[in-house]
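Next come the chains, spelled out residue by residue.
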Amino acid sequence: MTVGSKVSATRTIDRQITRTKRRALLGHNEALGYTLMAPTLLLLAVFIAFPFVLGVWYSLSDVKIFGIGDFVGLRNYQRLLVSPTFRQTIVNTFIYTGTSTVFKLILGMGLALVMNQAFPLKNIVRAGALLPYIVPTALSTLAFVLIFHATLSPLPWLFRPLHIPVPSSGFLGDPVLAMAAVIFVNVWRGIPFFAITLLAGLQTIPQELYEAASIDGANSLQRFRNVTLPLLMPVLTVVLLFSIIQTFSDFQIVQVLTRGGPVDSTQLFATLAYQVALQGGELSQGAAISLFMMPFLALLVVAQLWYTRREVA
Amino acid sequence: MKCEDKEMPVKKSRREFLKGALFTGGGLLLASCAPAATPSPTSAPASKPAEAAKPAEAPKPTAPAVISGAEISLLQWNHFIPTADPFFKQQAAEYSKQTGVKVTIETINGNDLLPKFTAAIQGQSGPTIFQLMSQQAHTLAEGLYDVTDLANEFEPWFGKWYPQLKADSLVGDKFRSIPWNMGSQAFVYRKSWFEKVGATVPDNWDQLRDAAKKVKAMGKPVGQAFGQSFADATQFCYPLIWSFGGKELEADNKTIAINSKETIEAVKYAVALWKDGLDERGLSWDDSSNNTAFLAEENAATLNGPSIYIVASGMINAKDKKPWSDDMDHFFTPKGPAGGPYIWGGTYSHAIPTYVKGKELDAAKDYLRYIYNPKQYDAWFAQNISYNGPGERMESHPIWNTLPKPLQIFKTHGRISRALGYAGQPSAKVAEVQAKFVIPNMFARAIRGQAAEDSVKQAETEMKQIFS
């Protein structure tokens, strides 16, 4: 064998070894899986896990605005539990999340059922229905600042001819009305998310099932209850979970519209954490407020995953 | 060794792997749902933090400082007087031409300044110079340089620092910021409407209540904000308490003194004033709402700085073709049982964060020398139109001679303005009380129907938590 042919043979063997290793890697599910996941896990670790761990430390320390602080145990959490403002915030957050979610679900489902029908310009309507969701939240909320403004609001011009009373406190000056206003904006913004996702779920339901139900004498309500709802449930639970998590940790709408007022009546966990940490210079307390959401959200995630696994099983 | 003797590693199925990854990813995603209200240091990766709670000393200046080529930035609030910021930026451009230092001036809403500064200090990256408001120097002290040398250098250029400006900048015995200027307040009112209803210009709070009742009957109530915004509610509520003899702290700076007969009386007065003569939308107002309402002719009077009058002087009344401001004037914040008038000034000061080093630090100090120099400062001051300087010398600035009589009221406010935390001193905890709107919400709750005693007690509880 000549030198050249020996080199060529060596290179061929090297290539074969590389191909074999690559095949081994590609064929080995677990190793391949971790390899493919690695970049994402690295990003999550650096930009989410690390700040989260640091946030937990902050909540257990006395850090103000700078440095690491000293360990103080659960003192920040204990202080929050006796704070009237924080207790008010817990109530506000549950009211805000619960009410918004119910309305988004009902109205989103209705819109999805409508968009599932065939009618002229259906695609344009579907695209248009997405607009509230895709416009940046802070930007769309600024528009509502003007709509609900004490002096510049156009609503009195609309209400008075219709003999609808205009509140003397303005739309954001009364705690109940202010909460209603932020819920309204959240619902307006969130309906498209429900509608489009549920529409996708509706489109996977075979038409034959509806035809069979019709033949069996089911009216539209019965078809919805016995065909649509059960088959839509997996999609519905996912949508609900994501929506509740987002709404529970909402910040932009309240911060732009009311800054948590009047009198902390629209204060949510996120806005209170912002006020305490970044305006009050108490990072430790702000972190504790943020982390208070975790148990509730974790329960939701566990419930949803349990439901999904049960369905799969 | 037989294969069955060796424990074989359990291979995971693809499904089990995906489940594990999903749980891991789901957990991390859940962690991300808690909003970044506490600033995420990975957005601007933190260098190794200095020891907590230990003020940094400014590095000794190297001489000669070669600053050409440095790039510095200054973050400040959006000035309510339209001419002030453009002029200030123009001066910065002149400085850049002279020195070769690139200066960027950024202006944002005042409410958003402190969160940006906090995030910048946490992330050790951000503006080179902070323009602080009120007692923010106390909140951010551990992240700011000691600038006592500069403050002492500049003070003679302005006479002595006004007491409130000095108190807001002095943390312990060190200046963490350098006093810059102050926005004062007085009630602006419509003269013709007051005359129409027979209301006299009030000297005390009872007279104000009487006047408010009369103008509200005409459909033009007095406007006052009680919303959660940085200035308007504070500038009304604190002086009201002081004029009734109430105080937030005892002189020892630690004992909470808010729950007193005097404070309760002040709260009761505010509730009565609300019912009799205030605009009922005030609970939702931010710092610009009273400007809008007054200029929309919805209110007969409101507590504000000079900005309403200044804007109105540029607007012509369609009926008589005269400047709208001809029908406006100001009166002092009324006196109470414990005297007055009391004013809380909206103070501004400049600070340098400790992450600024080297050439940028030298350039920042040089730039501050430039803007505080009377040649530059006096020219910019003329654009401020009745905002106060940091010291008494600015009371004799020629601009005051050109201003109309209604604006002369603001000239000497710097002498009588008082810092928050009375009868103690400003501090980070006093600043936290302000940031959490403890005092304005105390009034707002009573206005909403809570008993004054209960509302004051709740404010006391909140203050005790902050100070504990």
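Everything numeric here is computed off the predicted structure, so don't read it as measured data.

Undergrad: Can you walk me through the overall build of chain B in this structure?
TA: What chain B contains, in helices and strands, is 20 helices and eleven strands. Split into buried and exposed, the 468 residues of chain B put 57% on the buried side. For chain B, contacts bridging at least 24 residues in sequence account for 75% of all contacts bridging at least 6. Approximately 18,900 Å² of chain B is accessible, and the part contributed by carbon and sulfur atoms is 53%.

Undergrad: Mind showing me how you'd approach the packing of helix H18 (residues 428-435) of chain B against helix H20 (residues 452-467) of chain B here?
TA: Angle between the axes and distance between the axes: these two values describe a pair of packed helices. Residue and element names in this part refer to chain B. One can describe the packing of H18 onto H20 by two numbers: an axis separation of 10 Å at closest approach and a directional angle of 140°. Our classification of the angle between H18 and H20 gives oblique. When you trace H18 past H20, the crossing you get is right-handed. Residues Lys429, Val430, Glu432 and Val433 of H18 form the contact with H20, whose own contacting residues are Met463, Ile466 and Phe467. Residues that form the contact of H18 with H20 fall into these classes: five nonpolar, no polar and two charged.

Undergrad: Explain the environment of Ile81 of chain B to me, please; I cannot follow it from the model alone.
TA: With respect to the secondary-structure elements, Ile81 of chain B resides in the loop between strand S1 (71-77) and helix H2 (84-99). In this view, Ile81 of chain B contacts Ser307, Ile310, Gln383, Asn384, Ile385 and Tyr387 of chain B; residues no more than four positions away in its chain are not counted.

Undergrad: Just checking my understanding: could you explain empty space enclosed by the protein for this structure?
TA: By rolling a water-sized probe across the atoms, one finds the places where empty space is left. Residue and element names in this part refer to chain B. Under the counting rule described, the total for this entry stands at four cavities of 30 Å³ or more. In this structure, the largest cavity spans a volume of roughly 460 Å³. Lining the largest cavity are 33 residues, and of these Met133, Phe230, Ala231, Trp344 and Gln434 lie nearest its centre. Of all the secondary structure elements, the ones that give two or more residues to the lining of the largest cavity are helix H3 (113-123), helix H4 (136-139), helix H9 (232-243), strand S11 (346-351) and H18.

Undergrad: What is the right way to read the sheet that holds strand S10 (residues 328-331) of chain B from this model?
TA: Adjacent strands of a sheet pair through backbone hydrogen bonds, lying either parallel or antiparallel. Residue and element names in this part refer to chain B. Judged by pairing direction, the sheet is mixed, and its four strands sit side by side in the order S8-S9-S7-S10 without closing on themselves. The open sheet has two free edges, formed respectively by strand S8 (222-223) and S10, since each of these has just one partner strand. Note that S8 and strand S9 (residues 301-304) share two bridges and pair parallel. Bridging across to S9, Gly223 finds its partner in Thr302.

Undergrad: I keep staring at helix H8 (residues 205-217) of chain B and nothing clicks. Help me out?
TA: Spacing of three or four residues puts side chains on the same side of an α-helix, whose turn is 3.6 residues. Residue and element names in this part refer to chain B. With 13 residues, H8 should reach 18 Å at 1.5 Å per residue; the first-to-last C-alpha distance of 18 Å fits that figure. Here H8 has its buried residues at Trp205, Leu208, Ala211, Ala212 and Val215. Across the axial projection of H8, the buried residues extend over an arc of 115°, all falling on one side. In H8, the exposed positions that point more than 90 degrees away from the buried face belong to Asp206 and Ala217. Buried residues in H8 make contact with strand S7 (186-190), helix H7 (191-197), S8, H9, helix H10 (261-277) and S10. If you check the start of H8, you find a side-chain oxygen 3.1 Å away from the backbone N of Asp206, and it comes from Asn204.

Undergrad: Can you walk me through unusual backbone geometry in this structure?
TA: Negative phi characterises most residues that are not glycine, and trans characterises most peptide bonds. Residue Pro262 of chain A is bonded to the preceding Gly261 of chain A through a cis peptide linkage, with omega at -5°. Inspection of the secondary structure assignment puts Pro262 of chain A in the loop between helix H12 (252-257) and helix H13 (269-279). Cis geometry is found at the peptide bond from Gly340 of chain B to Pro341 of chain B, where omega equals -5°. Its identity as a non-glycine residue notwithstanding, Arg259 of chain A has a phi of 55°, on the positive side. Relative to the helices and strands, Arg259 of chain A resides in the loop between H12 and H13. Of note, the phi angle at Asp264 of chain A is positive, near 60°, even though the residue is not glycine. When you line up the elements, Asp264 of chain A lands in the loop between H12 and H13.

Undergrad: How do you make sense of the environment of Ala112 of chain A when you look at a structure like this?
TA: Residues and elements named next belong to chain A. The topology assignment puts Ala112 in helix H4 (residues 84-115). Here the alpha-carbon distance between Ala112 and Gly201, two residues 89 residues apart in the chain, equals 9.4 Å. Setting aside residues up to four positions removed in sequence, Ala112 forms contacts with Ala195, Leu198, Leu199 and Leu202.

Undergrad: What is the right way to read the packing of aromatic side chains from this model?
TA: All names here are of chain B. Under the defined criterion, the tally for this structure stands at 44 aromatic pairs over all chains. With 4.8 Å between their ring centres and 85° between their planes, Trp180 and Tyr377 make a pair best called edge-to-face. Here Trp180, found in strand S6 (residues 178-183), pairs with Tyr377, found in helix H14 (residues 374-384); they are 197 residues apart in sequence, far enough to count as distant. Considered together, Trp180 and Tyr377 belong to a single accessibility category, that of buried residues. A ring pair is formed by Tyr367 and Tyr370, whose centres lie 6.3 Å apart and whose planes are at 25°; its orientation type is stacked. Taken as a pair, Tyr367 and Tyr370 lie in helix H13 (residues 358-372) at a separation of three residues, close to a single helical turn. The residues Tyr367 and Tyr370 share a single accessibility class, namely buried. The lysine or arginine in question, Arg418, covers the ring of Trp242, its NZ or CZ lying 5.1 Å from the ring centre. When the ring centre of Tyr422 is taken as reference, the NZ or CZ atom of Arg418 above it lies at 3.5 Å.

Definitions and cut-offs
- Residues numbered from 1 in each chain as written.
- Chains lettered and ligands numbered in written order.
- Predicted model: local features only at pLDDT ≥ 70, side-chain atom pairs only at ≥ 80, totals over all residues.
- Heavy atoms only, no water.
- Helix = DSSP H or I, 4+ residues; strand = E, 2+ residues; numbered from the N terminus.
- Buried < 20%, exposed > 50% of the residue type's maximum accessible area, 1.4 Å probe, protein only.
- Contact = heavy atoms within 4.5 Å.
- Areas by Shrake-Rupley, 256 points an atom, 1.4 Å probe, with all protein chains shown as cover.
- Axes fitted to C-alpha atoms, helices over the stretch in contact; angles between N-to-C directions.
- Parallel < 35°, antiparallel > 145°, perpendicular 65-115°, else oblique.
- Left-handed = near helix turned anticlockwise from the far one by under 90°.
- Nonpolar A, V, L, I, M, F, W, Y, C, P; charged D, E, K, R; others polar.
- 1 Å grid on protein atoms, 1.4 Å probe; cavity = no way out; pocket = protein on both sides within 12 Å on 5 of 7 lines; lining within 4 Å.
- Points joined across faces, edges and corners; volume = space filled by probe spheres on them.
- Pairing = 2+ DSSP bridges.
- Expected span 1.5 Å × (residues − 1).
- Arc of directions from axis to C-beta.
- Polar contact = N/O pair within 3.5 Å; in protein donor to acceptor, adjacent residues only side chain to side chain.
- Phe/Tyr/Trp six-rings, centres within 6.5 Å; stacked < 30°, edge-to-face > 60°.
- Lys NZ or Arg CZ within 6 Å of the ring centre and 35° of its normal.

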